[in-house]
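Summary of structural features
Chain by chain, the residues:
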Amino acid sequence: MGKTLFHKVWDRHAVGKLPDGSTQLFIGTQLIHEVTSPQAFGMLRDLGLKVAFPKRTFATVDHIVPTDQRVEPFKDTLADAMIKELRKNCSEFGVTFFDIPSGKQGIVHIVGPEQGITQPGTTIACGDSHTSTHGAFGAVAFGIGTSQVRDVLATQTMAISPLKVRKIEVRGKLGPGVYAKDIILHIIRTLGVNGGTGYAYEYAGPTIDGLSIEERMTICNMSIEGGARVGYVNPDEKTFEYLKGRPYCPKGKDWDAAVVEWRKVASDPDAIYDDVKVFEASEIRPTVTWGINPGQGIFIDEAIPSPEELPEADRSSAKEALEFMKFKAGQKLAGQKIQVAFFGSCTNARVSDFVEASKFLKGRKVAPGIRAIAVPGSQGVSKICAEMGIDKIFREAGFDWREAGCSMCLGMNPDQLVGDEICASSSNRNFKGRQGSPTGRTLLMSPVMVAAAAVTGEVADARKVFAKA
Amino acid sequence: MPGRFLPRPDMSLSPIKKVTGRAVPVEGDDIDTDRIIPARYMRCVTFDGLGEFLFRDIRQSSDGKPTNHPIDQAKFKGSTILVSGMNFGCGSSREHAPQAIVRAGFKAVIAGNFAEIFFGNSTTLGLPCVAAKKEDLQALTQIISSEPNTEVEIDLEKLQVKAGKLSFPVTMKASAQQGLLSGRYDAIADLLANLPKVKELAARLG
C-alpha cells in the first residue's frame, strides 16, 4: 500500500512517542523572525538552555521593518528594540541572520525558498502560520507558537500529533486572468475556513502540476486560511529546476544524490488519503472577498450573498461581516470604490507576481487619490525587479515602490490603513483590524486584480480592464 | 515569568484536572487571533503586559471610548472562563493570543471548536480549551448572562461542564487532555530527555 508524502516525511522525522501520546518530531530547519522569537530566546535563558543545532535555524526581520526609510534607529522605538533583540539573540546563540545590510532580508517565507533553505522531504517550522508556504517544495512545514519555537531551538524537535491528509485535486485549464490566488480563495470558500482543521492539504492534479513553483507557493501559503496547518505539493522537475544553484542547496554530486532522494518522497500513486476533494479549474473565476474571513469570497461577476442563502453555520459571521464592511447583500463588488491598493505579502510578493502585473500596468496610471504601494517580498525580489525594470513600471504607474517586508498585510509597521479605508489587497487575511486600523476594510484578490483596482480606483474585473493589454 | 507561564527550573508542572470560576460570553464565530490581540500590540520582546490588549479593538471604539464589551462589564468582572463560538483562535500562530488571554486572568476557554495552532499554543500554557455543542454553548451563555455569579466547572477528567443545573459533555484532543491531567502539558522536559536520540536521528538525516 502506498504512502503520502506527508507520511513518508513524518515517519523519517519521528524521534518517538511522548508520554502524552503525541509524536516527538525532528525539525530539519527552523526559520525565525523578530515577533515570535524573542520570548523563546528569553525562555532558553530562563531555563539555562542552549540552541541544540544552531546551523539548522535561520533568521530574518520582516514584520516590523519600515518599508520607506531603513535608517536605524527606527522611528518606532518598539520596532527598533525588536530588531536589536533579534540581532543580539542570533549573535549570542550562533544563528545565521539575514539582516538588512546582508541584501538577503525579506519575508521569512520568501527568503527560505530564495536561499534554497527550503527543500523537498524535510520538515520546517516557523513561528508564523504562513509557514505552510514551504510545502510548495514538498516539505512538511508547520506554523508554531513561541513555546514551540523554544522547543525547536532547544531540541530541534517538537511535540505534535499526526494530521490526516486530504488530497485536493484541481483539474482542467484555468481561464485567462485567473490565477493561483483565485484557486486558493475558491478552495477556502468551498471547504470553509475551518474545513481543513486536523488535515494536511496535498494539492495535486493537472492544474497544480501546471503551475509554477511561485504559484504553488501562493496556494500552499493560504492553507491555514482554510484551517489546514500544513499544505504541500509533490516535488517535480520544476521544483528541482527552481532550487538548483541556490546558495543553501547541495552542489555537484551531492545535488544529484539529493534529487534522487527528493523524487522518492512524492506521494505514491496508490497512496491512501483520508479524504479527496476535486475542483474544476474552468469553473474558477477571479475572486474577491467581501467579508471578514478569507472564506467570504465571490467571483467578480457574482453578488454578495444574503446570510439567509448561506448554510446555517455561516450566517452569523456573514451578518457581522456585512455590518462591518458596510456592504449590502445582493450588491456586486465590481464598481466598489477603494482608497488603498496594497501589492505585497508572503502570499503574492514574488518576482512572478510583479512581472505579471507589470505587463498590465505598463503605460497606465493609478487612479487619482488612490494610495498604491508595492512591497517586494525580499531584497532579492527587489533586486531582480530592478534589473528587469519592473520597479520602474510600478513607479511610473504611480505605485509607491518600497523596501522588503510584511508591511500592510498586518500593519505592524507604519504601513497601515486609516479609519474605514477600503483596501484592494494581494495579502491573505481580511480579519477586522488586520491592516492596522480597527475599522479598516480589506478585500483580498489576486495581484493582477489589485493592479486593476489601482488603475480604476474601484474593484474591477481585470480581464475587462486590461482587455487591450 | 515563573510558575504558570514557564515550567519551574526543575521543569515540573502541576496537573490541571479542574477549572472552576465565573464565565464571560464573547459571542460570535471565527474570533481570530488578530481580534484576540491586534498585531500592532505585539511590538514587544516579552509577553509581559499583553493582558491589557486582549480584544483591544473591540473593547474600544476608534476614538478610544469603551464599547461596553462583556469583559469590561461589571457583572462579568473577575471571570476566569471565556465562552465563545465556532473556530475560536483562527488565523495566525501568534502565542501572544493565548498569552493575552492567560495574562488577562483567564484559566480556560469553552467554544464550539478551536483552530489547531491556537489550541496547541493554549494547552502548552496550561490554558485548557474544550469544545462544546452549539446548543450547550447557547444554554451556557444564557445562564451566565442572566446569572453572572453562576460558578462554572470544567472537569477535565470527565470532560464535563457544569453550571448550576446545566451539565453537558465537552471534547478535547486526547494528548492535550493527557498532558494537562498528568502535568506534562509543556513538552520541553520530555523533549529534552530524548536529546541523545535526537542527535542520532539528526546525524542519520544529514
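A brief report on the enclosed structure follows. (Residues numbered from 1 in each chain as written. Chains lettered and ligands numbered in written order. Predicted model: local features only at pLDDT ≥ 70, side-chain atom pairs only at ≥ 80, totals over all residues.)

**Notes on the overall build of chain B**
In terms of helices and strands, chain B carries 8 helices and 8 strands. The C-alpha atoms of chain B give 18 Å as radius of gyration, which agrees with the globular expectation for 206 residues (17 Å, within 12%). Across its three principal axes, chain B shows a C-alpha extent of roughly 60 × 40 × 30 Å. When each of the 206 residues of chain B is scored for burial, the buried share is 49%. For chain B, long-range pairs separated by at least 24 residues make up 69% of all intrachain contacts whose partners lie at least 6 apart in sequence. (Helix = DSSP H or I, 4+ residues; strand = E, 2+ residues; numbered from the N terminus. Rg over C-alpha atoms; globule rule 2.2 N^0.38 Å. Buried ≥ 20, exposed ≤ 12 C-beta atoms within 10 Å, placed from the backbone. Contact = placed C-beta atoms within 7 Å.)

**Let's talk about the overall build of chain A**
Helix and strand counts for chain A come out as 16 helices and 19 strands. The C-alpha radius of gyration of chain A comes to 21 Å, within 12% of the 23 Å expected for a compact globule of 469 residues. For chain A, the spread of C-alpha atoms along the three principal axes comes to 55 × 55 × 45 Å. A buried classification covers 62% of the 469 residues belonging to chain A. Within chain A, residue pairs in contact and separated by at least 24 positions form 76% of the contacts whose partners lie at least 6 positions apart.

**Details of the environment of serine 282 of chain A**
All names here are of chain A. Examined against the element boundaries, serine 282 turns out to sit in the loop between strand 12 (275-280) and strand 13 (287-289). Serine 282 gets classed as partly exposed once you count the C-beta atoms within 10 Å, which come to 13. The spatial distance from the C-alpha of serine 282 to the C-alpha of leucine 174 is 5.3 Å, given a sequence separation of 108 residues. Non-local contacts of serine 282, meaning those with residues more than four positions away in its chain, are made with Gly172, Lys173 and Gly175.

**Quick notes on the interface of chain A and chain B**
The partner chain B presents 53 residues to the 63 residues of chain A that form the contact. Every element with two or more residues in the side of chain A that touches chain B is listed here: strand 1 (14-17), strand 2 (23-26), helix 2 (38-47), helix 3 (77-93), helix 5 (146-155), strand 8 (157-160) and helix 11 (312-325) of chain A.

**Brief notes about helix 12 (residues 351-361) of chain A**
Residue and element names in this part refer to chain A. Within helix 12 the residues assigned to the buried category are Val351, Asp353, Phe354, Ala357, Ser358, Phe360 and Leu361. Where helix 12 is buried, its residues meet strand 15 (340-343), helix 13 (379-388), helix 14 (390-397) and helix 15 (447-456). Positioned one or two residues after helix 12, glycine 363 has a phi angle of 80 degrees, which is positive.

**Description of helix 11 of chain A**
Residues and elements named next belong to chain A. The end-to-end C-alpha distance of helix 11, which contains 14 residues, comes to 20 Å, matching closely the 20 Å that a straight helix rising 1.5 Å per residue would cover. Restricting attention to buried positions, one finds in helix 11 the residues Asp314, Ser317, Ala318, Ala321, Leu322 and Met325. Where helix 11 is buried, its residues meet strand 19 (441-444). (Expected span 1.5 Å × (residues − 1).)

**Notes on the sheet that holds strand 2 of chain A**
Residues and elements named next belong to chain A. The 3 strands are arranged 1-2-8 in an open sheet whose pairing can be described as antiparallel. Edge positions in the sheet fall to strand 1 and strand 8, since each has one partner strand and no second. Each strand axis lies, on average, 25 degrees off the axis of its neighbour in the sheet, ignoring direction. Two strands pair when backbone bridges link them, and strand 1 and strand 2 are joined in this way by 3 bridges, in the antiparallel orientation. Across the sheet, residue lysine 17 finds its bridge partner in strand 2, namely threonine 23. (Pairing = 2+ DSSP bridges. Axes fitted to C-alpha atoms, helices over the stretch in contact; angles between N-to-C directions.)

**Description of the nonpolar core**
Generally speaking, soluble globular proteins have nonpolar side chains that are buried together. With 210 residues, the main nonpolar core has Ala341 of chain A together with Ile110 of chain B as its most contacted residues. The dominant element in this core, judged by the number of residues it contributes, is helix 15 of chain A, at 8 residues. The contact partners of isoleucine 110 of chain B, leaving out residues within four places of it in the chain, are Ile81, Val83, Val130, Ala132, Leu140, Ile154, Val161 and Val170 of chain B. (Core = buried A, V, L, I, M, F, W, Y, C linked by C-beta atoms within 7 Å.)

**Observations concerning the sheet that holds strand 10 (residues 199-204) of chain A**
Residue and element names in this part refer to chain A. With respect to topology, 4 strands assemble into an open sheet ordered 11-10-9-12, the strand pairing being parallel. If you trace the sheet from one side to the other, it starts and ends with strand 11 (230-232) and strand 12, each paired once. Along the sheet, successive strands turn relative to each other by an average axial angle of 20 degrees, direction set aside. Alignment of strand 9 (residues 164-171) against strand 10, held across 6 bridges, turns out to be parallel. Within strand 10, the position partnered with lysine 164 by the bridge is tyrosine 199.

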